[in-house]
Amino acid sequence: MTTIAWGTDALQSVPAGFLTTDWRPASTGATFEVFDPATEEPIASVPDCGPADALAALDAAAEAAPVWARTTLRERADVLHRLYDAMLADKERLAQLLTLEVGKTITEARGEVLYAADYVRWYAEEAVRPHGRSTVAPNGQHHIVTVAEPVGPCLLITPWNVPLAMAARKVAPAVAAGCTAVLKPAELTPLTSLVFGELLLRAGAPPGVLSVVTTSRPAEVSGPLLADPRLRKVSFTGSTDVGRMLLEQSGRRVLRTSMELGGNAPFLVFDDADAEVAVREAMIAKMRLGGQSCVAANRFLVADGIADAFVGAFAERMAAIVVGPPGHEDTELGPLVDHRAVEKVHRLVDDAVAKGAVVVAQAPIPDGPGHYVAPTVIDHVPADADILREEVFGPVAAIRRFGTEAEAVAAGNDSEHGLAAYVISRDAERVRRVAAGLQSGMVGINRGLVSDVAAPFGGVKQSGLGREGGPEGLHEYLQFKYLSSPAF
Ligand code: NAD
């Protein structure tokens, strides 16, 4: 096994297996390798779990479910508070692992650890808030009491781009609600999820409350779980195509589902915008996670009156981005996660250029190994370019120009997705109108960042079902029992 000096301690501390009553390897002894996107070298091998392991994890979740459901709200909150403290104490180790497995810069990785820990803290605080209610029926003759109960054992499936934050955004509300869970991280990035599971165990969650099942064959693990009557819910974050398949399988057993799927965010810049705000927030909306984010701005729609000034300043900033090894403190952009991601970005840029788009900026990238892609701005992207319909998931900004506000809203809504949208304007009345007209679960107003632990994150149309974060995120793991009695 080749490994690199930087991050070696962090790698050696990854638990060697998945969690049920203790850490253990896959039942077959099989493993698969995890690669560093910056060197393309293997950095670790983890258990390659199969259906038997998945069902063993569900056995543990089902056995722990009644025990965990009976704990007091305060006991659950205390476990989450301890987990929060443990994540902060381990911030650097978790950040190094994120940089090694995802390729994101160490600065962004530290930010992800804090963001993930913040979900844990928020749900520790939310865990003790009451969710039932008591009222009288309209006819005055009956009393209505609702009791919030945990939905039961859950399957939580996470993507590779923000593996720790996505695990925390699911596990923390599940644990707060009194649910037990099987966490299946993405095969490209299982390491931080294994450490997160261990930290939860050490924070006092009984075995079985969370099992982390790593696998290179996700359908072989999810299939038997979705077919098992003990599983009560699936929460998935990933691509719309896989989400659709999981919804079909969940439908057979009428499972509760939460689906955080793909996006195609429009970033609308009106000619009354503050140009400096537009460029600053465009950089955040485009370049956070190197563009490998479901809420990354995928289509820049810019008013004719401001387009030349905006494109000039934006292109200058994009061309100056420092691309390099993600572990270096000065690096602003690391590699993409794998060669498929690089090929997809190149395909979408080539298609747009072949159809008439113009490349107006491109930053230099390092020679040698690593899945590096140049930050790129393409202007005058034609309406039939594939990049306007597919998530580019990389550091490429595609720009189209518009004349009227109505044209801008129509172009913004011209997508099967509706996760995030951004509006840059100084006209409060226009902002209200445009935000109301956009078919989107979230709208950033003069901001290129919408994620917040206290806010309901999620989409409309084919971007998903349900919400994560905020009180809404806890409700995804609760079911309400209604008790009816004669009025007191
Ligand atoms: P993906 O759909 O390929 O994989 C997501 C997860 O599903 C992984 O754990 C993977 O192992 C698993 N998976 C893949 N095929 C499966 C199958 N047949 N059965 C069961 N599980 C399966 O997505 P990805 O490439 O890891 O992530 C990128 C996508 O995720 C993008 O579309 C992005 O927009 C989306 N995303 C959405 C959000 C959100 O909150 N809406 C957040 C992050 C990423």
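As the structure is a computational prediction, the values presented were derived from the model and not from experiment. (Residues numbered from 1 in each chain as written. Predicted model: local features only at pLDDT ≥ 70, side-chain atom pairs only at ≥ 80, totals over all residues. Heavy atoms only, no water.)

### Some words on the site of the ligand
1) Next: Taken together, 29 residues lie near the ligand, and T158, E187, S239, L261 and E391 sit nearest.
2) Next: For the ligand, an oxygen atom lies 2.9 Å from a polar atom in the side chain of W160.
3) Next: L261 is positioned with one of its backbone polar atoms (N or O) 2.8 Å from a nitrogen atom of the ligand.
4) Next: Burial of the ligand by the surrounding chains reaches 87%, relative to a free accessible area of 840 Å².
5) Next: When atom positions are compared with the pocket grids, the ligand is found to occupy the largest pocket.
6) Next: Elements with a contribution of two residues or more to the shell around the ligand: α8 (218–227), β10 (233–237) and α9 (240–252). (Near = heavy atom within 4 Å. Polar contact = N/O pair within 3.5 Å; in protein donor to acceptor, adjacent residues only side chain to side chain. Areas by Shrake-Rupley, 256 points an atom, 1.4 Å probe, with all protein chains shown as cover. 1 Å grid on protein atoms, 1.4 Å probe; cavity = no way out; pocket = protein on both sides within 12 Å on 5 of 7 lines; lining within 4 Å. Sits in = over half its atoms within 2 Å of the grid points. Helix = DSSP H or I, 4+ residues; strand = E, 2+ residues; numbered from the N terminus.)

### Things to note about the nonpolar core
1) Next: If you look at the biggest cluster of nonpolar residues, it comprises 88 residues, and the most contacted ones within it are L80, L83, M87, V120, L191, F196 and I387.
2) Next: Per-domain counts for this core show at least three residues from each of domain 1 (31–261 + 463–484) and domain 2 (265–453). (Core = buried A, V, L, I, M, F, W, Y, C linked by side-chain atoms within 4.5 Å. Buried < 20%, exposed > 50% of the residue type's maximum accessible area, 1.4 Å probe, protein only. Domains from an automatic or database assignment.)

### Brief notes about unusual backbone geometry
1) Next: You will see that E40, though not glycine, has its phi angle at about 65 degrees, which is positive.
2) Next: Counting through the fold element by element, E40 comes out in the loop between β3 (31–35) and β4 (42–47).
3) Next: The backbone of L289 sits at a positive phi, close to 60 degrees, despite the residue not being glycine.
4) Next: On the basis of relative accessible area, L289 is assigned to the buried category, the value being 10%.

### Considerations on the sheet that holds strand β6 (residues 142–150)
1) Next: Reading across from one edge, β5-β6-β22 is the order of the three strands in this open sheet, with antiparallel pairing throughout. Only two strands of the sheet have a single partner each, and these edge strands are β5 (133–136) and β22 (478–486). Ignoring which end each strand starts from, the neighbouring axes of this sheet average 20 degrees apart.
2) Next: Summarising the sheet, β6 and β22 pair through nine bridges and their orientation is antiparallel. The residue of β22 that forms the bridge with E149 is Q479. (Pairing = 2+ DSSP bridges. Axes fitted to C-alpha atoms, helices over the stretch in contact; angles between N-to-C directions.)

### Concerning the environment of D53
1) Next: Within the secondary structure layout, D53 lies in helix α2 (residues 51–69).
2) Next: Distance in space between the C-alpha atoms of D53 and P25 is 9.1 Å, their sequence separation being 28 residues.

### Examining the packing of aromatic side chains
1) Next: Throughout the structure, instances matching the rule amount to nine aromatic pairs.
2) Next: With centroids separated by 5.0 Å and ring planes inclined at 45 degrees, the aromatic side chains of F267 and F300 adopt a geometry described as tilted. Here the residue F267 occupies a position in strand β12 (residues 265–269), and F300 occupies one in strand β13 (residues 297–303), the gap between them amounting to 33 residues.
3) Next: You can call F300 buried: its relative accessible area is 1%.
4) Next: Seen from their ring centres, F300 and F310 are 6.4 Å apart, and the 35 degrees between their planes marks the pair as tilted. Taken together, the positions of F300 in strand β13 and F310 in helix α11 (residues 304–319) put the pair 10 residues apart, joining distant regions of the chain.
5) Next: Over the aromatic face of F457 sits the side chain of R169, whose NZ or CZ is 4.1 Å from the ring centroid.
6) Next: The residue whose ring lies beneath K233 is Y477, and the NZ or CZ to ring-centre distance is 5.1 Å. (Phe/Tyr/Trp six-rings, centres within 6.5 Å; stacked < 30°, edge-to-face > 60°. Lys NZ or Arg CZ within 6 Å of the ring centre and 35° of its normal.)

### What about the layout of surface pockets?
1) Next: Looking at the largest pocket, its volume works out to about 1,100 Å³.
2) Next: Going through the elements one at a time, α6 (163–177), α8, β10, α9 and α12 (339–354) are the ones with two or more residues in the lining of the largest pocket.
3) Next: Take the lining of the largest pocket: its biggest share by element is seven residues, from α9.
4) Next: Taken together, the residues that form the lining of the largest pocket break down as 20 nonpolar, 11 polar and 13 charged.
5) Next: Here the lining of the largest pocket gathers at least three residues from each of two domains, domain 1 (31–261 + 463–484) and domain 2 (265–453).
6) Next: In this structure, the second largest pocket encloses a volume near 280 Å³.
7) Next: Lining the second largest pocket, in full, are E108, R280, M283, I284, M287, R288, R317, A320, I321 and E332.
8) Next: At four residues, helix α10 (residues 275–287) tops the list of elements feeding residues into the lining of the second largest pocket.
9) Next: In terms of residue class, the lining of the second largest pocket is built from five nonpolar, no polar and five charged. (Points joined across faces, edges and corners; volume = space filled by probe spheres on them. Nonpolar A, V, L, I, M, F, W, Y, C, P; charged D, E, K, R; others polar.)

### What to know about empty space enclosed by the protein
The rolling of a water-molecule-sized probe over the atoms marks out the regions of remaining empty space.
1) Next: Taken as a whole and assessed by the stated rule, the structure comprises five cavities of 30 Å³ or more.
2) Next: Forming the boundary of the largest cavity are Y115, N161, V162, M166, R169, R288, L289, S293, C294, V295, S451 and F457.
3) Next: Residues that form the lining of the largest cavity fall into these classes: seven nonpolar, three polar and two charged.
4) Next: In this structure, the second largest cavity spans a volume of roughly 80 Å³.
5) Next: Lining the second largest cavity are 17 residues, with P266, G412, H417, G418 and Q439 sitting closest to its centre.
6) Next: At the level of elements, β12, β17 (417–418) and β18 (420–424) are the ones that each hand at least two residues to the lining of the second largest cavity.
7) Next: Taken together, the residues of the lining of the second largest cavity break down into six nonpolar, nine polar and two charged.

### Considerations on the domain arrangement of the chain
1) Next: The domain boundaries assigned to the chain delineate domain 1 (31–261 + 463–484) and domain 2 (265–453).
2) Next: Residue-level contacts link 29 residues of domain 1 with 33 residues of domain 2.
3) Next: For the domain 1 and domain 2 pair, buried surface summed over both sides reaches about 2,300 Å², with 55% attributable to carbon and sulfur atoms.
4) Next: Across the contact surface, domain 1 and domain 2 share one salt bridge.
5) Next: E329 is the partner of R110 in a salt bridge, and the nearest nitrogen-oxygen pair spans 2.9 Å. (Contact = heavy atoms within 4.5 Å. Buried area = accessible area lost by both parts, 1.4 Å probe. Salt bridge = Lys/Arg side-chain N within 4 Å of Asp/Glu carboxyl O.)

### Brief notes about the environment of I365
1) Next: Take I365: it is sitting in the loop between β14 (358–362) and β15 (376–379).
2) Next: Each residue touching I365, except ones within four places of it in the same chain, is listed here: V323, Y372, V373 and A374.

### A few points about the sheet that holds β15
1) Next: The mixed open sheet is built from seven strands, whose spatial order is β14-β15-β16-β13-β12-β18-β19. Lying at the two open borders of the sheet, with one neighbouring strand each, are β14 and β19 (442–445). Averaged over neighbouring strand pairs, the angle between their axes works out to 20 degrees when direction is ignored.
2) Next: Note: β15 against strand β16 (residues 396–402), three bridges, orientation parallel. When the bridges of β16 are listed, V377 appears paired with A397.
3) Next: Where helix α13 (residues 405–412) meets the sheet, it contacts β12, β13 and β16, and its direction lies at approximately 170 degrees from that of β13.

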